[in-house]
Amino acid sequence: MPRKKTTLQTQSARTIQAFLVAIIALAPQLQAGTTPAYATHGMVVSQSGYASEAGAKVLQEGGTAVDAAVTTAFVLAVTHPSAGNIGGGGFLIYRPNTGLPVAYDFREKAPVAAHEIMWLDEHGKYDKNKHHNSHLAVGVPGTVAGLHLAWKQNGKLPWARLVQPSIDIARNGFPVSHGLARDLESRLKRFQPYATTMAQFSNDGKPYQPGEILKQTDLAATLTRIAESGPAGFYQGETAELIVAEMTANGGIISKEDLAKYNAVERKPIIGSYRGYDIISMPPPSSGGVTLVQMLNILEGYDLRKSQFGSAETMHLMAESMRRAYRNRALHLGDPEANPEMPIAKLTSQGYALELRQSIVPRKATPSSLIGFEWPHESDETTHLSVVDAGRNAVSLTYTLENSYGSGIVVTGAGFLLNNEMGDFNPAPGMTTEAGLIGTKPNLTQPGKRMLSSMTPTIVAKDGELVMATGSPGGRTIINTVLQTIVNVVDHQMNAQEAVDAGRFHHQWFPDRIQYEEQRFSPDTLQLLKGYKYTLKEIDRQGSAHIIVVDRKRNVLEGGVDHRRPDTAAAGY
Ligand code: DON
């Protein structure tokens, strides 16, 4: 591919500037003809301009999509601290332009001292705080091992080169954006019990103001150890000692052995097909791929192009698909090593979709069942990035700390936030209540087990060519957000930005209701859905999808960034 001979710095700065202009010009709601970001060769879309730009520079230097994803993910750990991380975990789908796609699982694991009833107090009562807000809620982090494994198998540029931009930004600092300033201010109360967290994310106890410089020197030192030694710079030596000291001083159970034994895993992606498009998505311990493929299989039996975006008929058919697939998610899915018998082949088969389709009644909601329980708490702070390189190799990566800023605990001396992912395990055996808890077996806490996730990094291809990379944060809503970006592109023929901007909705079996984004659906449609006997709930926003779509006619990349959350950006060349 021909490349312009401008310096990387100038070229990249110009590209970013051009993209930011395009992004600011976009309206927040779906409007006909919203314009995506464009790039000819390679592109990164993520929740932070610094991260996307650093990733795009890697592409320009000849790095692969995986190289760029590694850099983008490390920079996000500095500039998007609510979800970008080295103390959490996630999933990466890689689709090389030729050859087989692969899934990398770097989900956190339960420490060896964890057990099924650890979330109950001495009287056998469920302790939500322990489950979600304590040193016990921290799973053994997977991000560093996962990024390194994906790089070892598919990277080209040196590891240290890829980590360096994150070190520079952590050490020199970066100006706090309006979005980050507001976010940090709203979290200060939660950070208060943790002196190290307050020291890192406040300005002497006062909220950072937009434009003030946030430096993270301990984090820079940890990232330097990772740059120099790879995973050993995190899972062994000084970083490991600091994590274990943090744990032992505060009632946590992650040991040196847990860290030393952590392993990221290469898995076979879940592969589905939708109207001739290949759907390549994440297998368990993510529930994403299996649930997404079930919903698409059901929907393939209907002409959604004809029933159109946002009509009551389309929303009804999609909500009924969601209801059925989310029921199976709750009953069957968990860590694959702990649940070797999961009926994945059946759940993702066309025959099963036909069966499910037959139970869908036109213009009438199916009541979700007798069991009127609510779901347990699940936060909605995670982050997704998509990368396509000049060879049309693609990465879709979603990773998380679980809650916004995870446990809120920064490891003293190491400068990074720890996840509270243990909260994604079910609370206790059999504890399924109307008040909001699910105690089904496949996802109960066990030593060394990975907790079930909804993160759904996904790549779509057709006739051997890349079509799109998509994914989103949003807890359980993730799978439905990803579903809607795919339906928007494949059925409604939207460009990348339109597909991201379009209004979203969500049904998850229980609670038995559709939640929908305010101001994005016609009141007439909502009225019709009420007539079909749906309970409706208005919410302000759902997810934050960052997608890349290939305009195959022009061989151009379209970036769709989500303005539902601040600081998002596409960068490319
Ligand atoms: O793995 C999961 O499904 C959750 N821990 C993800 C949480 C999440 O998406 C928060 N996002 N905004």
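Nothing here was measured: the structure is a model prediction, and the numbers come from that model.

Quick look at the sheet that holds strand S7 (residues 265–267)
Reading across from one edge, S7-S4-S3-S11-S10-S2-S19 is the order of the seven strands in this open sheet, with antiparallel pairing throughout. Both edges of this open sheet fall to S7 and strand S19 (569–572), since each of them pairs with a single strand only. Adjacent strand axes in the sheet meet at a mean angle of 15°, parallel and antiparallel pairs treated alike. Sheet topology places strand S3 (residues 89–95) next to strand S11 (residues 394–400); seven bridges connect them, and they run antiparallel. Within S11, the position partnered with Tyr 94 by the bridge is Val 395.

Some words on the sheet that holds strand S12 (residues 458–462)
Judged by pairing direction, the sheet is antiparallel, and its seven strands sit side by side in the order S1-S18-S17-S13-S12-S9-S8 without closing on themselves. Sheet topology places strand S1 (37–39) and strand S8 (270–274) at the edges, where each strand pairs with a single neighbour. Sheet twist, expressed as the mean angle between neighbouring strand axes with direction ignored, is 25°. Most of the contacts of helix H13 (residues 288–299) go to S8, to which it runs at about 15°, and overall it touches S8, strand S9 (277–281) and S12.

Here's the deal with the pairing of S8
Residues of S8 alternate between two faces, with Ile 270, Gly 272 and Tyr 274 buried on one and Ile 271 and Ser 273 left unburied on the opposite face. Across five bridges, the pairing between S8 and S9 is antiparallel. When the bridges of S9 are listed, Ile 270 appears paired with Ser 281.

As for the nonpolar core
Note that soluble globular proteins tend to have their nonpolar side chains buried in a common cluster. Counting residues in each nonpolar core, the largest one holds 81 residues, and the members touching the most others are Leu 299, Leu 483, Ile 486 and Leu 529. A per-element tally of this core places helix H15 (residues 312–332) first, with nine residues. In this structure, Ile 486 is in contact with Ile 279, Leu 292, Leu 296, Thr 458, Val 460, Met 468, Thr 470 and Asp 491, ignoring residues within four places of it in sequence. By size, the runner-up hydrophobic cluster in this structure holds 78 residues, among which are Val 44, Ala 69, Tyr 94 and Val 144.

Side note on H13
Here H13 spans 16 Å end to end across twelve residues, near enough to the 16 Å set by a 1.5 Å rise per residue. In terms of burial, H13 is a largely internal element, twelve of the twelve residues being buried. Those residues of H13 that fall on the buried side of the exposure criterion are Gly 288, Gly 289, Val 290, Thr 291, Leu 292, Val 293, Gln 294, Met 295, Leu 296, Asn 297, Ile 298 and Leu 299.

Side note on the side chain of Arg 357
Relative to the helices and strands, Arg 357 is located in helix H17 (residues 350–358). Salt bridges are absent for the buried Arg 357, whose nearest opposite-charge side chain, Glu 300, sits at 6.0 Å. Looking at Arg 357, its side chain comes within polar contact range of the main-chain oxygen of Asn 297, at 2.9 Å. Leave out the neighbours within four places in its chain, and Arg 357 touches Asn 297, Ile 298, Gly 301 and Tyr 302.

Points about unusual backbone geometry
Here the residue pair Pro 284 and Pro 285 is connected by a cis peptide bond, since its omega of 15° sits within 30 degrees of zero. Mapped onto the elements of the fold, Pro 285 is located in the loop between S9 and H13. Phi at Lys 533 takes a positive value of approximately 80°, unusual for a residue other than glycine. For Lys 533, the location among the structural elements is in the loop between helix H20 (523–531) and strand S16 (536–539). The backbone of Asn 555 shows a phi angle near 55°, a positive value even though the residue is not glycine. Within the secondary structure layout, Asn 555 lies in the loop between strand S17 (547–551) and strand S18 (556–560). Here Asn 555 falls in the partly exposed class, since its relative accessible area comes to 37%.

Regarding the packing of helix H6 (residues 159–172) against helix H9 (residues 217–229)
Between H6 and H9, the shortest axis-to-axis distance is 8 Å and the interhelical angle comes to 170°. Here H6 lies roughly antiparallel to H9, going by the angle between them. Contacts between H6 and H9 involve Trp 159, Ala 160, Val 163, Ser 166, Ile 167, Ala 170 and Arg 171 from the former and Thr 217, Leu 219, Ala 220, Leu 223, Thr 224, Ile 226 and Ala 227 from the latter. Considering only residue class, the contact of H6 with H9 consists of ten nonpolar, three polar and one charged.

Definitions and limits used
- Residues numbered from 1 in each chain as written.
- Predicted model: local features only at pLDDT ≥ 70, side-chain atom pairs only at ≥ 80, totals over all residues.
- Heavy atoms only, no water.
- Pairing = 2+ DSSP bridges.
- Helix = DSSP H or I, 4+ residues; strand = E, 2+ residues; numbered from the N terminus.
- Axes fitted to C-alpha atoms, helices over the stretch in contact; angles between N-to-C directions.
- Contact = heavy atoms within 4.5 Å.
- Buried < 20%, exposed > 50% of the residue type's maximum accessible area, 1.4 Å probe, protein only.
- Core = buried A, V, L, I, M, F, W, Y, C linked by side-chain atoms within 4.5 Å.
- Expected span 1.5 Å × (residues − 1).
- Lys, Arg positive; Asp, Glu negative; His and termini not counted.
- Salt bridge = Lys/Arg side-chain N within 4 Å of Asp/Glu carboxyl O.
- Polar contact = N/O pair within 3.5 Å; in protein donor to acceptor, adjacent residues only side chain to side chain.
- Parallel < 35°, antiparallel > 145°, perpendicular 65-115°, else oblique.
- Nonpolar A, V, L, I, M, F, W, Y, C, P; charged D, E, K, R; others polar.

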